[in-house]
Structures are given as C-alpha cells and as structure tokens.
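Secondary and tertiary structure notes
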Amino acid sequence: MSINRRDFLKVAGISTILGFGGISAADAVRKNLVEASQVMPNPKALVGERWALVIDLSKFKTEADYRRVIDACHNTHNVPDIDNPKQEIKWIWKETFEHVFPEQEDEYLAEEIKHLPVLTLCNHCDHPPCVRVCPTKATFKREDGIVMMDMHRCIGCRFCMAACPYGARSFNYRDPRQFINKEKENPEFPTRMKGVVEKCTLCYERLAKGLKPACAEASNGGIIFGDLEDPDSEVRKILSTNYSIRRKPELGTSPSVYYVLRRG
Amino acid sequence: MYNGWKIIIGLVLFVGLVIAPFIFSGEKATAKPDPKVDTPEILKLPENERKCVESKEYIKREHMKLLNQWRDWVVRDGNTLYTSSSGKQYTISLQNTCMECHSNKKNFCDECHNYAAVKPYCWDCHIEPKEKES
C-alpha cells in the first residue's frame, strides 16, 4: 500500500492535534496538590504600602523605658543575650545621640541632647543597600516596605553587614541557643543558627496576625507604627506637624524610621 | 584446578566477610520505622478530625516539598493561610501547626529520618516541642 503526500499530511496533522489534546486532558484530570492558588494572606493581617516607625525621644526618660522596649523585642524573637560586644546580637538597642546622628555636626549641642540615649534599629530603608549586595537574596524588600530576612537562604557572607550604614545587622559567631534564657524563650518563634546574619524584621509575624510590632506595643506611645503612604495615618500626622530627623539621610537610603525630639 | 584449595579458602573468607554485617546485625538494623501518631494532642481531637493537612500517602511522599513551599509562601510572599485539598484552612507554620499535633518529634520525625539517614536542618533554628523523656 502506498500513501501520497496529501494523505500523509492529513494523518500527521490529526495525530498531532489528538496528541496535544490528550496531554492537556490528562493534566486536567491529574490534580496538582501543591498549587499557589491554595494560599492567601490572613484577612486579619495589617496591610500597608510602606510601613514606618516614628520614635518620640521625649517619651524615653528612665532606663526602664528603654529596657521595656528592648526586652519586648528580644524576648519575642528569641534574641540571644551575649555579653561580649564583638559577638552581641541586637535587633533594637540604645546609643547616644551624637553617635546615632553623626552628621548633625552642632559644635555646641546641649550636653543633655548630645548624650541622650536614642533607641535605634533597622531603618527598613526605601533603597536598602543590604538588599543590593546580598548574593542569595536572603535579604529582600517586601511590597509593604519591610526589609526582610529569609534565614533559610543566608550563607553568612556578611556583605550586608558591610553595606548597612547603621550597624543594624548582627552575625551569629556562635550558636545562639546557649545564650537564650530557656524560661523566657518564645516557643512560637524560631531561633537562629550559627553562621547567619540577623536583624529586626519589623515583626512581620505579628503584622500577619493583625498585631502591631512588639516595640511599638511596649513603648507606651514612644514608638508609633504606621503607613507612610496613607495620608491619614498617625505617623503622617506626626511628621506633618513636628520637626523630624532620620539617620544619615544624605546617603540616599531613605530610612523609614523617623525621630522627633518632642511632640507639639 | 591449579592451587585450587587456596582459591577456595580465599573465596570462603571473602564471602564470609561480605555477609558478616548481615549475619551479626540481625533484625535490629533493618527494623522498619514506625512513626507514632498517638500524641495526647491528636488523641484529644474527635475521631473524624484526626486528619493531617493532606492525605497520609501524600504527606509520606511529599512532605519535604510541601514544607519547602510553605516556607517560601510565608517568608517571601507573606501568605500565611493554606487551604488544603479538603478545603480546610491552616496557618502555615512548622513550629506552630505541624508540631502542635505532632508533639513527639523523636518518635515521629526522627523515626524515619534516622532510618533513611537524612539529617534535615529544621531544628537548628525551629524550636522542637518539649517532650517528656520516656
């Protein structure tokens, strides 16, 4: 039996159509169990376009005011308490005014302001240099402005520590678990392991549940949390009626943490 | 056979050495893993709710892929709720959802992982449930 060119093309064409159709029909029957459409954010989660903090320095008067905020953060996130300043881990800490704002070169700055302890933390910059240098994208910027860490990806190269102009990142030189008080440990949040860099994550896990960051909650109004892109938010109201400063704005990182000396 | 007895003794010694581990370790080394799902947390649930997020067969085969997906969805995309194939919603969390029921890491996770000689690094960071030493 011989076949002419016309018949061959007909048969080939029909089998191709049947073949493709068969594959897609089989795919439709076999249900993929892990599919992105099966996940969604918690409807109770706080949603914003650019989260920010305003720190009102006048609300921090005694040692206890600072301690309460630092402890709230560090206990929530199982941050180890290491005495050695070369190895310590800090997410939020205090530093004197002249060290936090070295560009404010006021020669005759009042002594009380010069040595005023200022709470400082990751600035969740709009143009974060740590994100630019991270070779594994372990550190990345979320759509709501949080500069986030994926500890699973961190290889401990410490480029981000060199890039961050605020010293907001700490490296785990030792296994942090032995420095965490077992009684104060938060069983709902992981620890970190030796060899990764860590920093403040603006309590992404609390925002996902509809809670404010732990520092803002514990500060009695000293730290105000809100969305910079929302003109009616509390942070925008404070910023539009008070003189505020940011850390090293001349570097172009555009920090999202603002400081006001006192609120009018 | 030239020098036959030497060859036969050599062969017997060789075969003996090769099968020695199987003879001396016996049943112990090959005992099948038996992960336990009888934790107090699971037993507390009513009979018809004692189900994992997906079917037993799926979890057995694919739990590592599911956990990887969960990790990316939460950490990178901020999606914290997972709808299972049965339509029930779960908060995505190894530490707070999986281990809430499976509070017996030693008799559940480690049972198979030790058998298969895999060492997942989950517990370097994630806090394992507090177990009573039995």
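Relevant structure appears above.
Now for a look at the structure at hand. (Residues numbered from 1 in each chain as written. Chains lettered and ligands numbered in written order. Predicted model: local features only at pLDDT ≥ 70, side-chain atom pairs only at ≥ 80, totals over all residues.)

1. Quick look at the overall build of chain A
Rules: Helix numbers and strand numbers start at the N terminus; a helix is a DSSP run of H or I with at least 4 residues, a strand a run of E with at least 2. Only C-alpha atoms enter the radius of gyration; for comparison, a globular chain is expected to reach 2.2 Å times N to the power 0.38, where N is the number of residues. Counts of 20 or more other C-beta atoms within 10 Å of a residue's own C-beta define buried residues, counts of 12 or fewer define exposed ones, and intermediate counts define partly exposed ones; C-beta atoms are placed from the backbone. Our contact criterion uses C-beta atoms placed from the backbone: two residues qualify when those atoms are within 7 Å.
The number of helices and strands found in chain A is 9 helices and 11 strands. Compactness check: chain A gives a C-alpha radius of gyration of 26 Å against a globular reference of 18 Å for 264 residues, more than 25% above the reference. The dimensions of chain A, computed from C-alpha atoms along their principal axes, are 105 × 45 × 35 Å. Within chain A, the proportion of its 264 residues that are buried is 33%. For chain A, the proportion of contacts with a sequence separation of at least 24, taken over those separated by at least 6, is 65%.

2. Some words on the sheet that holds strand 10 (residues 244–245) of chain A
Note: strands within a sheet are paired through backbone hydrogen bonds, in either parallel or antiparallel orientation. Residue and element names in this part refer to chain A. What counts is decided by this rule: DSSP-based pairing: two strands are paired if at least 2 bridges between them are found. Fitted lines through C-alpha atoms give the axes, limited to the stretch in contact for helices. The angle between two N-to-C directions lies from 0 to 180 degrees.
Read from one edge of the open sheet, 4 strands run 9-2-11-10, paired in mixed fashion. Looking at the sheet topology across the chains shown, the edges are occupied by strand 9 (223–227) and strand 10. As defined by bridge partners, strand 2 (residues 51–56) adjoins strand 9 across 5 bridges and the pair is classed as antiparallel. The residue bridging Leu53 from the neighbouring strand is Phe225, located in strand 9. Seen against the sheet, helix 9 (residues 234–241) touches strand 2, strand 9, strand 10 and strand 11 (257–260) and runs at an angle of roughly 110° to strand 9.

3. A closer look at the nonpolar core
Generally speaking, nonpolar side chains in soluble globular proteins are found buried as a group. Residues and elements named next belong to chain A. Worth spelling out the cut-off: For our purposes the nonpolar core covers buried Ala, Val, Leu, Ile, Met, Phe, Trp, Tyr and Cys residues that link as a set through C-beta atoms within 7 Å.
Counting residues in each nonpolar core, the largest one holds 52 residues, and the members touching the most others are Leu53, Val54, Val69, Ile92, Leu121, Cys215 and Ile223. Going through the elements one at a time, strand 2, helix 2 (63–76), strand 4 (117–121), strand 6 (147–149), helix 8 (214–218), strand 9 and strand 11 are the ones with two or more residues in this core. No other element matches the 5 residues that strand 2 contributes to this core. With residues near it in sequence (within four places) discarded, Leu121 still touches Trp91, Ile92, Ala168, Cys200 and Val257.

4. A look at the interface of chain B and chain A
The test is simple: When residues are grouped by polarity, Ala, Val, Leu, Ile, Met, Phe, Trp, Tyr, Cys and Pro land in nonpolar, Asp, Glu, Lys and Arg in charged, and all others, Gly among them, in polar.
The interface of chain B with chain A comprises 22 residues on the first partner and 19 residues on the second. Mapped onto the side of chain B that touches chain A, the elements with two or more residues apiece are helix 3 (56–75), strand 1 (81–83), helix 4 (94–101) and helix 6 (122–125) of chain B. The dominant element in the side of chain B that touches chain A, judged by the number of residues it contributes, is helix 3 of chain B, at 7 residues. Tallied by class, residues from the side of chain B that touches chain A come to 8 nonpolar, 9 polar and 5 charged. Direction of pairing for strand 1 (residues 39–40) of chain A relative to strand 1 of chain B: antiparallel, over a ladder of 2 bridges. When the bridges of strand 1 of chain B are listed, Met40(A) appears paired with Leu81(B).

5. Remarks on unusual backbone geometry
Most peptide bonds adopt trans geometry, and most residues besides glycine take a negative phi value. For Leu202(A), which is not glycine, the phi torsion reads 50° and is therefore positive. Structurally, the position occupied by Leu202(A) is in the loop between strand 8 (197–198) and helix 7 (204–207). Exposure remark for Leu202(A): the 26 C-beta atoms within 10 Å place this residue in the buried category. Here Asn3(B), not a glycine, exhibits a phi torsion of approximately 60°, which is positive. In this fold, Asn3(B) is placed in the segment before helix 1 (4–25). The exposure class assigned to Asn3(B) is exposed, which follows from the 8 C-beta atoms found within 10 Å.

6. Focus on the sheet that holds strand 1 of chain A
Within the open sheet, the 3 strands sit side by side as 1(A)-1(B)-2(B). Their pairing is antiparallel. For this open sheet the edge positions go to strand 1 of chain A together with strand 2 (89–91) of chain B, each flanked by a neighbour on one side alone.

That's the geometry; what it means functionally is another story.
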